[in-house]
Amino acid sequence: MSLALASRAVLTNWPSHSGQYKVTGLLDFSSGNAAIERSVLDLRGLPECDLEALTSLPWMGFLANHQTRVPPGRAWMLLQGPPDMARSGDVLEVQPVASRVAIRYRRGGNGNVLFATERCDNYCLMCSQPPRQVADGWRLSKLRELVELIDADEVSLAISGGEPTLLEQGLADLVRHCAVHLPRTQLHVLSNGRAFSDPAYANSFAGIHPRLSWGIPLYGDNFALHDYVVQRVGAFAETLRGLYALERAGQRVEIRVVLVKPTVERLAALARFIYHNLPFVDHVALMGIEPIGFAKANREALWIDPVDMAAALLDSVRYLNRHLIPVSLYNLPLCTIPRELWPFTKRSISDWKQDYLPECASCVVKEQCGGFFSWVTDEWRSRSVKSISEVCR
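Residues numbered from 1 in each chain as written. Predicted model: local features only at pLDDT ≥ 70, side-chain atom pairs only at ≥ 80, totals over all residues. Heavy atoms only, no water.

### Description of the overall build of the chain
The number of helices and strands found in the chain is 12 helices and 16 strands. The C-alpha atoms of the chain give 23 Å as radius of gyration, which agrees with the globular expectation for 393 residues (21 Å, within 12%). Overall size of the chain, expressed as C-alpha extent along the three principal axes, is 70 × 55 × 35 Å. Every one of the 393 residues in the chain was classed for burial, and the buried ones make up 53%. A separation of at least 24 residues holds for 70% of the contacts in the chain among residues at least 6 apart in sequence. With the model as given, the accessible surface of the chain reaches about 17,900 Å², and the carbon-plus-sulfur share is 53%. Between the centroid of the 41 positive side chains of the chain and the centroid of its 41 negative side chains there is a distance of 2 Å. (Helix = DSSP H or I, 4+ residues; strand = E, 2+ residues; numbered from the N terminus. Rg over C-alpha atoms; globule rule 2.2 N^0.38 Å. Buried < 20%, exposed > 50% of the residue type's maximum accessible area, 1.4 Å probe, protein only. Contact = heavy atoms within 4.5 Å. Areas by Shrake-Rupley, 256 points an atom, 1.4 Å probe, with all protein chains shown as cover. Lys, Arg positive; Asp, Glu negative; His and termini not counted. Charge placed at Lys NZ, Arg CZ, Asp CG, Glu CD.)

### Considering the packing of helix 3 (residues 139–149) against helix 4 (residues 169–181)
Contact geometry of helix 3 with helix 4 gives a least axis separation of 9 Å together with a crossing angle of 10°. By the angle between their directions, the pair helix 3 and helix 4 is classed as roughly parallel. In this structure, the crossing between helix 3 and helix 4 has a hand that is right-handed. Taking contact as the criterion, the partners of Leu 140, Leu 143, Arg 144, Val 147 and Glu 148 in helix 3 are, on helix 4, Gly 170, Leu 174, His 177, Cys 178 and His 181. (Axes fitted to C-alpha atoms, helices over the stretch in contact; angles between N-to-C directions. Parallel < 35°, antiparallel > 145°, perpendicular 65-115°, else oblique. Left-handed = near helix turned anticlockwise from the far one by under 90°.)

### Focus: the pairing of strand 3 (residues 39–42)
Burial along strand 3 is two-sided: Ser 39 and Leu 41 facing one way and Val 40 and Asp 42 facing the other are all buried. Bridge count between strand 2 (residues 19–24) and strand 3: three bridges; the pairing is parallel. When the sheet's bridge partners are listed, Val 23 is paired in strand 3 with Val 40. Inspection of the sheet shows strand 3 paired to strand 4 (residues 61–64) by three bridges, in the parallel sense. (Pairing = 2+ DSSP bridges.)

### A closer look at the pattern of salt bridges
Applying the stated rule across the entire model yields 24 salt bridges. One salt bridge in this structure joins Lys 142 and Glu 93, with 3.8 Å as the shortest N-O distance. Of this pair, Lys 142 sits in helix 3 while Glu 93 sits in strand 6 (residues 91–95); the two residues are 49 residues apart in sequence, bridging distant segments of the chain. Residue Lys 142 is classed as partly exposed on the basis of its relative accessible area, which comes to 24%. A salt bridge links Glu 359 to Arg 381; the shortest N-O distance between them is 2.2 Å. Here the residue Glu 359 occupies a position in the loop between strand 15 (354–355) and strand 16 (372–373), and Arg 381 occupies one in the segment after strand 16, the gap between them amounting to 22 residues. Look at Arg 381 and you get partly exposed, because its relative accessible area is 29%. Among the ionic contacts, a cluster of salt bridges with common partners joins Glu 118, Arg 119, Arg 132, Asp 136 and Arg 139. (Salt bridge = Lys/Arg side-chain N within 4 Å of Asp/Glu carboxyl O.)

### As for the sheet that holds strand 14 (residues 327–330)
Backbone hydrogen bonds are what pair the strands of a sheet, in a parallel or an antiparallel way. Across the sheet, seven strands lie side by side as 8-9-10-11-12-13-14; this open sheet has parallel pairing. Edge positions in the sheet fall to strand 8 (113–115) and strand 14, since each of these pairs with one other strand and no more. Within the sheet, the average angular offset between the axes of one strand and its neighbour, ignoring direction, is 25°. Taken together, the five bridges between strand 11 (residues 212–217) and strand 12 (residues 252–258) define a ladder with parallel strand orientation. Directly across from Pro 217, in strand 12, lies its bridge partner Arg 256. Contacts from helix 12 (residues 310–322) reach strand 13 (283–287) and strand 14 within the one sheet, and its direction differs from that of strand 14 by about 150°.

### Some thoughts on the side chain of Ser 316
Structurally, Ser 316 can be placed in helix 12. The class for Ser 316 is buried, based on a relative accessible area of 1%. With near-sequence residues (within four places) excluded, Ser 316 lies in contact with Leu 267, Ala 268 and Ala 271.

### Observations regarding helix 3
For helix 3, the full list of buried residues reads Arg 139, Leu 140, Leu 143, Leu 146, Val 147 and Leu 149. Where the residues of helix 3 are buried, they touch strand 2, strand 6, strand 7 (100–105), strand 8 and helix 4.

### As for unusual backbone geometry
Negative phi characterises most residues that are not glycine, and trans characterises most peptide bonds. The linkage connecting Gly 161 with the following residue, Gly 162, adopts the cis geometry, with an omega of 25°. You can see Gly 162 is positioned in the loop between strand 9 (156–160) and helix 4. Of note, the phi angle at Gln 231 is positive, near 60°, even though the residue is not glycine. Looking at where Gln 231 falls in the secondary structure, it is placed in the loop between helix 6 (223–230) and helix 7 (235–248).

Distances and angles like these do not, on their own, reveal function.
Below, the structure written as structure tokens:
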């Protein structure tokens, strides 16, 4: 079941402006990690005892339920969504005008993202976040605030969009801010790579975060195929120049390949192109399509059942693995691919949009399988979906 990311809320004595706040429980408070003035104390489920000393501290507000005793005159909220939507360690954005609360960071989540911009200079046929040409530079200050509230021991965090490099030096400033507050976090920026065809821009990211990496898409071994998928003439050449510039700037790079029909038809050739022309890449991710956004309008041109891509996947994964280029499969349920490929699969779908089908209930490999996007429908469903009753050893 996918997780809720937003909820209506009853907000009492709350300031009229929007703000981001850390949900803090007793354990976080006792550890001394809570920035009290930027935190909401979770009073739900606390034992019935004298909390006056605790609640008298300068918390931004309190997270309550119907049974909670809230100090008079203090700001507090009552969520109207699922009870477990907000938990200790999460970061909430409180939007008083809309009487709404949204999760901006979920402790322990596998899909935490800094959403940098809605703008993009590609127009990919299967884009799950269709771009909008809007002025959204205001997001940078919001993201810097959010970074300051994220757990310092967070394992990984993505920066995505749209196309983050359209922020220009604002993106480098954001990465530096992450280096100050989250130096131990793996920071993975998803970009089309075209802006790095300017080597000076690529060099501006050299050494600014100790665990920075880039996820760059490549959809074909030739310009016609890649440019068709991203719907931009010249994108293939710019992306390749960008990849070489990132390598010269000492950046770690992952190649991301969404498995749409035209790309799968030349997947074996693309694997060989990567080995011969981009041998410095750290990782290749072969990704099942997300059935949302532009993909829905372009289904006929894009959809290929994973069963029908088995030969191409086997050839490409074997080739890359044999040539010591790490490769993984994302967004592909285990029952839809050959068992030889199972060791290469990752539970890649973000927890807030991951789900399972009725057939999965009795499947013996459900815990190892990444499942399905919550919005998958019958027209995006592989004919091989089934419950697996045993695992051959």
